[in-house]
Amino acid sequence: RHAIADAGAPQTVNPGDGVTLDGSGSSDPNGGPLTYGWTQTGGTPVTLSGATTVSPTFTAPNAAGVLTFTLTVTDTAGLGASNTTTVAVGNVPPVADTGPDQIVNTYTAVTLDGSGSYDPNGDALTYQWTQIGGTAVTLSDSGAISPTFTAPGSPTVLTFTLTVTDSVGLASTPDTVVITVQQSVFTLYLPLVANRMVTAPDLVVTDIAVVNGSIEVSVTNQGNAAVADDFWLDVYINPDTPPTGVNQTFQTQGGQGAYWGVTIADVSLKPGESHTFRMGDAFYYGGNYSGSLPAGSVIYAQVDSANANTTTGNVLETHEITGGAYNNIYQETFGAAALLVEQAAAVTERQTALPPR
């Protein structure tokens, strides 16, 4: 088994302070000795004393900022692992994160997402969302982490900024998100034979979140027909090779992950409908993840991710019929560390008809 790297908890120090990094939480499950290698990967450069020791030291620079350090440990078999920690020098401004841009349909409910925002000093945050472009909409609460609104009835491009402020009054640089509202109703003109309108489902992942120790993945059918076939949903946690297309399960891409087998008879996914899948729910098959999700972790989710007998997964979707861009993969980068609690798989007999992986 691989060694486990632990670079220690984030620290907040004053300029000129002596600082000690702590890799003592690292371990080798096989009980063997480890070698250590520390590297500074961000912030004002400092000189480490003992970069190959468990706990090197350095003097904090005079300028406020966040220093980032990566610890790599290697066991006697040459198997290595890395982990990152931060040292905040002085009180530095928080960081606002609005999440990725979104594409939504007219009249649908939209949720903005500021959950990736954080304060390097660990201070509590307040949130302020402001619309700066597009047809005016009404936010449920402009001071909430994740306010909601209803998309306008006509196609438009909405732009919002988020500013977060810490408990001592330091404000972040505003971050911007763009919400593209597309028409959800198809207009047909005679003669009908000339329109070649495609009627099919179109599955997309709209959000990845860590809630109460569990990864949650939200899936929406943005097509114009109900989903009628069972499908797989894969989550890739810091994969060695990011997924780019169908039949790339989390096991084939390296790293850690989890997956769900979705029996459509038990999930209603008509046009415009969504469902959130959670680790340990009735469709969860399992995974090989650990309990730590460090800050900066990149998670991908791919819906209708696999069918070993096809090149389109098990649901023939609108973009696959028309030759459009592949839209089944979603990426989320987590700005703050999170804890994953391993959940038991809940595989039931009704899921035996799922397509082969």
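All values derive from a computational prediction rather than experimental measurement.

J.: So what's going on with the overall build of the chain? Which residues, and what values?
T.: Along the backbone of the chain there are two helices and 22 strands. With the principal axes as the frame, the chain shows a C-alpha extent of 75 × 50 × 30 Å. For the chain, the exposed area adds up to about 16,600 Å²; of that, 53% sits on carbon and sulfur atoms. Distance between charge centres in the chain, computed from 6 positive and 29 negative side chains, equals 14 Å.

J.: Lay out the sheet that holds strand S13 (residues 203–211) with the relevant residues and their values.
T.: Read across the open sheet, the three strands follow the order S13-S14-S17; overall the sheet is antiparallel. Two strands lie at the open edges of the sheet, namely S13 and strand S17 (274–278), each paired on one side alone. This sheet shows a mean twist of 20 degrees between the axes of neighbouring strands, independent of strand direction. Here S13 runs beside strand S14 (residues 214–221); their pairing, made up of eight bridges, is antiparallel. Each bridged residue has a counterpart across the sheet, and for Ala 209 the counterpart in S14 is Glu 216.

J.: So, the side chain of Ser 26: which residues are in play, and what are the values?
T.: Here Ser 26 shows up in the loop between strand S2 (18–20) and strand S3 (35–42). The buried category is assigned to Ser 26, whose relative accessible area is 9%. Separated by 2.9 Å, the side chain of Ser 26 and the backbone nitrogen of Asp 6 make a polar contact. Leave out the neighbours within four places in its chain, and Ser 26 touches Ile 4, Ala 5, Asp 6, Leu 34, Tyr 36, Leu 71 and Val 73.

J.: Outline the pattern of salt bridges, supporting the account with residue identities and numerical values.
T.: A complete count under the given rule lists two salt bridges for this structure. A salt bridge links Glu 216 to Arg 278; the nearest nitrogen and oxygen atoms lie 2.9 Å apart. Here the residue Glu 216 occupies a position in strand S14, and Arg 278 occupies one in strand S17, the gap between them amounting to 62 residues. By relative accessible area, Glu 216 is classed as buried at 15%. Among the ionic pairs, Arg 357 bridges to Asp 234, the shortest N-O distance being 3.0 Å.

J.: Could you give me a rundown of the pairing of strand S21 (residues 329–333), with the residues and numbers involved?
T.: On S21, burial follows the alternation: Tyr 330 and Glu 332 on one face are buried, whereas Ile 329, Gln 331 and Thr 333 on the facing-out side are not. Two elements, strand S20 (residues 298–303) and S21, share five bridges in a ladder whose sense is antiparallel. Bridge pairing links Gln 302 to Ile 329 in S21.

Reading the values: rules and limits
Residues numbered from 1 in each chain as written. Predicted model: local features only at pLDDT ≥ 70, side-chain atom pairs only at ≥ 80, totals over all residues. Heavy atoms only, no water. Helix = DSSP H or I, 4+ residues; strand = E, 2+ residues; numbered from the N terminus. Areas by Shrake-Rupley, 256 points an atom, 1.4 Å probe, with all protein chains shown as cover. Lys, Arg positive; Asp, Glu negative; His and termini not counted. Charge placed at Lys NZ, Arg CZ, Asp CG, Glu CD. Pairing = 2+ DSSP bridges. Axes fitted to C-alpha atoms, helices over the stretch in contact; angles between N-to-C directions. Buried < 20%, exposed > 50% of the residue type's maximum accessible area, 1.4 Å probe, protein only. Polar contact = N/O pair within 3.5 Å; in protein donor to acceptor, adjacent residues only side chain to side chain. Contact = heavy atoms within 4.5 Å. Salt bridge = Lys/Arg side-chain N within 4 Å of Asp/Glu carboxyl O.

Coordinates in, geometry out; function isn't part of it.
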